[in-house]
Amino acid sequence: MKTFSIAIHGGAGTLVKGMMTSELEAQYKSALKLALDAGYKVLENGKTAVEAVEESVRLLEDSPLFNAGKGSVFTATESHEMDASIMDGRTLNAGGVSLITGIKNPVTLARDVMEKSEHVFLAGEGAMEFAKELDYKLEDPSYFYDEFRHKQWLEIKDTDSFQLDHSTKKDSKFGTVGAVACDQDGNIAAATSTGGMTNKKWGRVGDSPMIGAGNYANNKTCAISCTGSGEFFIRGVVAYDVACLMEHKEMSLNEASEEVINKRILEIGGDGGLIAVDTQGHIAMPFNTEGMYRASKSSGGKEEISIYK
Ligand code: ASP
């Protein structure tokens, strides 16, 4: 049997040891472990990488700790607009949704776009219409209400500024979630989900639902899920850039993801990180910020759950 593995993230940013209470740190770690173990179990049971990444991301979306699904940040109009995507490295099929609201698990809607529509990317009202046709239940806005997130929004609501999750001017932290996996057949997949930026307006969309920018999977090379300053990750076409370095420059998974996160994206001003797997089950989780909520597990016996550098 081939090595199978999974990696997940819950965002990157100014995460410095001692900034958080030990109780909160423990809560983050146990939420990561729950999502990691659930995705790993899917792989252990012989199911596909696509099923595993969806499962892990659903659990991260259900946690109020991360900026996705239940924990999504507030927009300028005090609502929630969520973005998500998923890609199957075996077939290159992909699905993305953006500017959706009231959907408990945006990653599942992205998977439905991939598997039940002729399209790759649905946005706004049209995406909601698609969800309605598939009988999705809409959650009341109170499901997404979180006191801490609301406070973040109140602090900047009447300004033109928008903020990455939890950020203050000197402390920025991204709370997007994602998962990448390599299954027992050596097929890989990636999924990413986010609430975007606090106080965002004008239908702002980040890198997370964009195939090639915040999310990408191709059995030829790697599966990637990103987190960070979306505008820069879009310009850097980050996820696809890692795959390109592997395909055209024959770099290893580790070399290619380090090159993109610690050199290429830094050069254009982007901060954040990514998680990556290849078809041999290797894992890389580089970031250029102080920390990144991350976890990984492989059938080779390695397991990691970390926050700081
Ligand atoms: N990349 C996300 C965005 O720009 C934010 C994040 O990673 O937290 O929407």
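Residues numbered from 1 in each chain as written. Predicted model: local features only at pLDDT ≥ 70, side-chain atom pairs only at ≥ 80, totals over all residues. Heavy atoms only, no water.

Caption draft 1: View of the sheet that holds strand β12 (residues 303-308). The eight strands are arranged β4-β3-β2-β6-β5-β1-β11-β12 in an open sheet whose pairing can be described as mixed. Two strands lie at the open edges of the sheet, namely β4 (121-123) and β12, each paired on one side alone. Adjacent strand axes in the sheet meet at a mean angle of 5 degrees, parallel and antiparallel pairs treated alike. The strands touched by helix α1 (residues 22-44) are β1 (5-13), β5 (177-182), β11 (291-298) and β12; relative to β12, the strand with the most contacts, the crossing angle is about 145 degrees. (Pairing = 2+ DSSP bridges. Helix = DSSP H or I, 4+ residues; strand = E, 2+ residues; numbered from the N terminus. Axes fitted to C-alpha atoms, helices over the stretch in contact; angles between N-to-C directions. Contact = heavy atoms within 4.5 Å.)

Caption draft 2: Highlighting the nonpolar core. Ile6, Ile8, Phe66, Ile86, Val97, Ile100 and Tyr293 are the most contacted members of the largest nonpolar core, which totals 49 residues. With near-sequence residues (within four places) excluded, Val97 lies in contact with Met82, Asp83, Ala84, Pro106, Leu109, Ala110, Val113, Phe121, Leu122, Ala127 and Pro209. (Core = buried A, V, L, I, M, F, W, Y, C linked by side-chain atoms within 4.5 Å. Buried < 20%, exposed > 50% of the residue type's maximum accessible area, 1.4 Å probe, protein only.)

Caption draft 3: A look at the pairing of strand β6 (residues 188-194). Counting buried positions along β6 yields seven of seven residues, so the element is predominantly enclosed. On β6, burial covers both faces: Ile188, Ala190, Thr192 and Thr194 on one face and Ala189, Ala191 and Ser193 on the other are all buried. Direction of pairing for strand β2 (residues 82-88) relative to β6: antiparallel, over a ladder of six bridges. If you follow Asp88 over to β6, its bridge partner there is Ala189. Hairpin remark: β5 followed by β6, antiparallel, with five residues in the connecting loop; positive phi at Gly186, about 80 degrees.

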